[in-house]
Amino acid sequence: MDTAVVILAAGKGTRMSSNRPKVMHEIGNFPMLSHCIKAAQQIKPWKVITVLGHGRTEIMQFLQDSKKSIEFVIQEEQLGTGHAVKIATKQLSNFDGNLIVMFGDTPFISYETLIKIKAKCEQTDLVVLGFRTEESAGYGRLVTNSSELLKIVEHNDANDDELAINLCNSGVIAGNSLLISELLEDLDRNNTNNEFYLTDCVHLAKLRGLNCGFLVCEHDEALGINSRDQLSQAEKNFQTTARTQALENGVHLVAPETVFFSMDTKLGRDTVVEPNVIFGKGVTIGSECIIKAFSYLEGCQISNDCSIGPYARLRPGVDLSDGVKIGNFVEIKNSKVAEHTKINHLSYVGDARIGKNTNIGAGTVTCNYDGVTKHRTVIGEDVFIGSNTMLIAPVTVGNNSMTGSGSVITKDIPEDDLAISRSKQKNNNNGAKKLRKILRNKKNNETH
Ligand code: UD1
Ligand code: CA
C-alpha cells in the first residue's frame, strides 16, 4: 500500500536559544531535517510533505537546493502538532493509503523502523512508536494495557502515576490517512498548553472502538532535540554510529573516537584513516587509500590507492584519480588531478587541472585570483614543476615540460620546454665577509 510521510518542522524551537529554525541545526554537517527526509525517502513513499512555519524561508531554500522532491505546507500559527498534521492532510485530500507522521526534531528514526511501522499498520488502526527511558522528562507517556495502547498523556498533563511510566512517545504515529484526518477534526485544546495535540488521536480512536498498537525502539533512535545540550548529544550519537558503520564496511580507523564524519561520507574498503581526521560534507573515497593524521577534507572525490596528508586540506571540487599523493600542508580546491601525480609539500592548488605522472614541487602556488576574478591553471602530463613556482593563472603548462625552482610563470609553457623566470644570480667575491664586518662595526658604535 502507498505511504505518505508528513514531517513536522514548523515550531520555533525556543529552547535552542537560536535565530535559526530548530530543524536546520546540523548533525553530521546536515540539517536534522535532512536526516528525517533521508529515512522517509528510503521507504519510497508516494509523497513527503513538510510542515513549515518559523524560519520557513531558510528551510524552503534548503529543500530547493537539495533538489529532493519534497512538498511543503505552511502552518502560519503553531497551534500544536495535531493542528500541523491537519494542515498537511489537506494536501493529501482523498489519499487512502498509510500516513506516517515524523517530527523534524527527531532525526534518528531509521528506515528499518519505518518499515516495521508500515507492517504494523496492517494489524492495528493506529501505530505509535515508543521507547523506554529513565530520562522521560518532557516526553509524552504511553498508557498501555499489555500490547494495546490506550492513550498518550503529555508530560505537562500527566498525574504522578502517569509520570512514573517510562514508556515514552517518540512522536512517530501512523495509520490510514483518511482515518487520521477524521480523528484530527475532533481534537480540542483542553490541555495545559492550550494546543491541539496529535497524541490525542489515540484516545479519540479508542472512543470509536478502534485498536491502537505500539512498537518500541531504542532511546537513541527516538532522541528528540529541543536544546543545545540534546543537539550535542545527538552529534555524539551520530558520530559513534558513523564510526561503527565505517569499521563494519572494512575501513581501518586507527583511533575511531578522533575521526569525524558527515552524513554523506563514503569510504571504501581497506582505506586507512589515521587519528584526528575530519570529513566535511560531500566526501567520497575509494579503497586502499590512506588519510594521514590531522587532515580536513570536504566536497572531494578521491579514487583508489591515494595517500593524503598528514595535515592536508582538501576543499570542495577536488577530484583525485588513482594513486595520487597529496602531502603535508597542501591545500587543494576545485581541481582535478590525474593518476599518480604528486603534490607532496606546502602547496596551494586552486582551479586547476593536472595531468598524470606530474610532480608539483614544494611551495608551488597556483595564483588563481587577481582580486576580482578566479582563473584556471592547466598542467599537462609528466610535468615537473620546480619548487616554489608561482603559476600566474590563466596559464597552461604543456606535457613533459619543466619549470625552474622559484620561477614566476606568467606565460604558457609549450610541450617539452623548460621555463625559468627568475633574476640572475651574482656572487660578490668575499661579499659576506665584508658585509658582516660593516654590520658588526655599526652595532659596536651604537652600543658605546
Ligand atoms: C512531542 C509530543 C510528545 C513526544 C515528543 C517526542 C505532542 C503533543 N507531543 O512533544 O508526546 O514525546 O514530541 O519528541 O505531539 N510542530 C509543528 N507545529 C506545531 C507544533 C510543533 O510543526 O504547531 C513541530 C515542531 O517543529 C517539532 C515537532 O512538531 O518538530 C514536535 O514539537 P515539539 O514542540 O518539539 O513537541 P514536544 O514538546 O517535544
Ligand atoms: Ca520536541
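Residues numbered from 1 in each chain as written. Chains lettered and ligands numbered in written order. Predicted model: local features only at pLDDT ≥ 70, side-chain atom pairs only at ≥ 80, totals over all residues. Heavy atoms only, no water.

(A) Spatial organisation of the overall build of the protein. Tallying secondary structure elements over the protein gives 9 helices and 37 strands in all. Relative to the 2.2 N^0.38 estimate, which gives 22 Å for 448 residues, the radius of gyration of the protein is 30 Å and therefore markedly larger than a compact globule would have. Seen along its three principal axes, the alpha-carbon backbone of the protein occupies a region of about 105 × 60 × 40 Å. In the protein, which comprises 448 residues, the proportion classed as buried is 49%. Residue pairs in contact within the protein that sit at least 24 positions apart in sequence constitute 44% of those at least 6 positions apart. (Helix = DSSP H or I, 4+ residues; strand = E, 2+ residues; numbered from the N terminus. Rg over C-alpha atoms; globule rule 2.2 N^0.38 Å. Buried < 20%, exposed > 50% of the residue type's maximum accessible area, 1.4 Å probe, protein only. Contact = heavy atoms within 4.5 Å.)

(B) Representation of the sheet that holds strand E19 (residues 300-302) within the structure. Strand order in this open sheet of 8 strands is E13-E16-E19-E22-E25-E28-E31-E34, and the pairing throughout is parallel. Unpaired on one side and paired on the other, strand E13 (266-267) and strand E34 (395-397) mark the two borders of the sheet. Pairing analysis gives 3 bridges linking E19 to strand E22 (residues 318-320), with the strands arranged parallel. Across the sheet, Ile302 pairs through a bridge with Leu320, a residue of E22. (Pairing = 2+ DSSP bridges.)

(C) Broad picture of the site of ligand 1. Around ligand 1 sit 24 residues, and of these Gly11, Gln75, Thr81, Glu154 and Asn169 come closest. Contacts to ligand 1 include Gln75, whose side-chain N or O atom sits 2.7 Å from a nitrogen atom. Contacts to ligand 1 include Gly140, whose backbone N or O atom sits 2.9 Å from an oxygen atom. Considered on its own, ligand 1 offers 750 Å² of accessible surface; in the complex 89% of this is hidden by protein. (Near = heavy atom within 4 Å. Polar contact = N/O pair within 3.5 Å; in protein donor to acceptor, adjacent residues only side chain to side chain. Areas by Shrake-Rupley, 256 points an atom, 1.4 Å probe, with all protein chains shown as cover.)

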